[in-house]
Amino acid sequence: MPSYIVLLGPPGVGKGTQAEIIADTTHLPHISSGDLFRENMKENTELGKKARSYMDKGELVPDNITIDMVKERLQRADCKAGAILDGFPRTPVQAGALQKMLSAFHSDVDVVPYITAAPDVLIDRASGRWTCKAQGHIYHQKFNPPKVAGKCDIDGSELYQREDDKAETVAKRINIYLAQTAPLVDYYRAQHKLVEIDGTQSIGKVTDALLSAIRK
Ligand code: AP5
Ligand code: MG
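Given the structure is predicted, the values throughout are model-derived calculations rather than measurements.

Q: Would you mind showing me how to read the site of ligand 1 here?
A: Looking at ligand 1, there are 34 residues lining it, with Thr17, Ser33, Glu59, Arg129 and Arg173 nearest. Glu59 is positioned with one of its backbone polar atoms (N or O) 2.5 Å from an oxygen atom of ligand 1. Here an oxygen atom of ligand 1 sits 2.5 Å away from a polar atom, N or O, in the side chain of Arg129. Relative to its unbound accessible area of 1000 Å², ligand 1 is 97% covered by the protein chains. The greatest single-element share of the shell around ligand 1, amounting to four residues, is contributed by helix α2 (residues 33-42).

Q: Where do I start with unusual backbone geometry in this structure?
A: When glycine is set aside, most residues are seen to have a negative phi, and most peptide bonds are trans. Each neighbour pair has its own omega, and for Phe88 with Pro89 the value is 0 degrees, a cis peptide bond. Locating Pro89 in the fold gives a position in the loop between β3 (82-86) and α5 (92-104). Even without a glycine there, the phi angle at His27 is positive, about 60 degrees. Secondary-structure assignment places His27 in the loop between α1 (15-26) and β2 (30-32). Here His27 falls in the exposed class, since its relative accessible area comes to 69%. Positioned with a positive phi, Asn44 is a non-glycine residue whose angle comes to about 55 degrees. Its location among the elements puts Asn44 in the loop between α2 and α3 (46-55).

Q: Which parts of the structure should I look at to understand α2?
A: Spacing of three or four residues puts side chains on the same side of an α-helix, whose turn is 3.6 residues. Of all ten residues making up α2, seven are buried, and the element is well covered by its neighbours. When α2 is considered as a whole, its buried residues turn out to be Ser33, Gly34, Leu36, Phe37, Arg38, Asn40 and Met41. Just downstream of α2, Asn44 is the residue with a positive phi angle, here 55 degrees.

Q: Just to check I follow, could you spell out the packing of aromatic side chains for this structure?
A: Here the structure, examined in full by the defined rule, presents one aromatic pair. Centroid distance Tyr187 to Tyr188: 4.9 Å. Interplanar angle 80 degrees. Geometry classified as edge-to-face. Overall, Tyr188 belongs to the buried group, its relative accessible area being 2%.

Q: Help me understand the sheet that holds strand β7 (residues 159-160), please; the structure alone is not making it clear to me.
A: Backbone-to-backbone hydrogen bonds pair the strands of a sheet. The strands run either parallel or antiparallel. Sheet architecture is open: three strands sit in the order β6-β5-β7, paired in antiparallel fashion. The open sheet is flanked by β6 (138-140) and β7, the only strands paired with a single partner. Where strand β5 (residues 129-132) meets β7, two bridges bridge the pair, whose relative direction is antiparallel. Note that in β7 the partner of Cys132 across the bridge is Leu159.

Q: Explain the packing of α5 against helix α8 (residues 183-190) here, please?
A: Working note: a packed helix pair is described by the angle between its axes plus the distance between those axes. As a packed pair, α5 and α8 sit with axes 10 Å apart at the nearest point and diverge in direction by 35 degrees. Packed against α5, whose contacting residues are Pro92, Ala95, Gly96, Leu98 and Gln99, the element α8 presents Pro183, Leu184, Tyr187 and Tyr188 at the interface. Of the residues contributing to the contact of α5 with α8, the split by class is seven nonpolar, two polar and no charged.

Q: Help me understand the side chain of Ser157 in this model?
A: With respect to the helices, strands and loops of the structure, Ser157 is situated in the loop between β6 and β7. We classify Ser157 as buried; its relative accessible area is 14%. One polar contact links the side chain of Ser157 to the main-chain amide nitrogen of Ala134, over a distance of 3.3 Å.

Q: Would you mind going over helix α4 (residues 63-74) with me for this structure?
A: The end-to-end C-alpha separation of α4 is 16 Å, in line with the 16 Å expected for twelve residues at 1.5 Å each. Every buried residue belonging to α4 is among Ile65, Thr66, Ile67, Met69, Val70, Arg73 and Leu74, and all of these are buried. Against the buried residues of α4 lie β1 (3-7), β2, α2, α3, β3 and α5.

Q: Which parts of the structure should I look at to understand the pattern of salt bridges?
A: If the charged atoms of two oppositely charged side chains come close together, the side chains can form a pair. Enumeration according to the criterion identifies 16 salt bridges in this entry. In this structure, Glu163 and Lys166 form a salt bridge, with 2.6 Å as the shortest nitrogen-oxygen distance. Two residues, Glu196 and Arg189, come together in a salt bridge whose shortest N-O distance is 3.1 Å. With a relative accessible area of 38%, Arg189 lands in the partly exposed category. Taken together, the shared-partner salt bridges connect Arg129, Arg162, Asp164, Asp165 and Arg173 into one network.

Conventions adopted
- Residues numbered from 1 in each chain as written.
- Chains lettered and ligands numbered in written order.
- Predicted model: local features only at pLDDT ≥ 70, side-chain atom pairs only at ≥ 80, totals over all residues.
- Heavy atoms only, no water.
- Near = heavy atom within 4 Å.
- Polar contact = N/O pair within 3.5 Å; in protein donor to acceptor, adjacent residues only side chain to side chain.
- Areas by Shrake-Rupley, 256 points an atom, 1.4 Å probe, with all protein chains shown as cover.
- Helix = DSSP H or I, 4+ residues; strand = E, 2+ residues; numbered from the N terminus.
- Buried < 20%, exposed > 50% of the residue type's maximum accessible area, 1.4 Å probe, protein only.
- Phe/Tyr/Trp six-rings, centres within 6.5 Å; stacked < 30°, edge-to-face > 60°.
- Pairing = 2+ DSSP bridges.
- Axes fitted to C-alpha atoms, helices over the stretch in contact; angles between N-to-C directions.
- Contact = heavy atoms within 4.5 Å.
- Nonpolar A, V, L, I, M, F, W, Y, C, P; charged D, E, K, R; others polar.
- Expected span 1.5 Å × (residues − 1).
- Salt bridge = Lys/Arg side-chain N within 4 Å of Asp/Glu carboxyl O.

Right under this line is the structure:
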């Protein structure tokens, strides 16, 4: 039986960090809509150019563009056993589209870990984040520093700061999250899929809580 896990939570709460870890443990692919957009931006594809005009301002990329991109990704063979979705769905329209995509595979979302933290914590985390150029591995200058400053521990590539991690853009992303994504909390709670996780704990404690939510 495939398992589709949706990581829900505000920008900077630790979805990407946790998805990397639990992808290793569960052997499920980590699908981050933000990473897919950033890869397209790096390669300067038409999709990347379109996405950049929204992302750099901290706004959501339109639903139709996002849904088509994730649908294509979920149809690949490595998602047959399930996937860890990070940053998708982010609107009620995307949640409906995901349900439709998965029902085509005779499947559904199994569990929605909802990681929470207050805005001051989110701004602190995003403003100290360093991201690896090659594969998007995630560091924090204080909370999860690389062994060698400016270099990824895993692939040695250069680390950079995301354009949308400026304090004012993060604040805007949090407001957009509250307006457009927060309604999904009630949507998945009503389906008895939501498991709340305190995202202010250490990275290891959050992982423990996530794994226990997934294994239930
Ligand atoms: P996306 O890339 O998805 O960004 P996000 O959801 O805003 O989330 P972040 O990646 O900023 O945070 P995270 O929760 O992954 O935290 P992380 O693990 O890095 O989206 C970017 C943009 O793309 C959007 O604004 C939009 O334009 C577009 N987009 C993407 N998906 C879309 C969609 N579905 N629809 C429309 N548009 C879409 O951690 C943050 C920092 O904290 C790191 O430095 C990390 O080391 C540190 N940290 C993590 N956990 C802890 C901990 N427990 N303690 C201390 N530090 C921690
Ligand atoms: Mg992320």
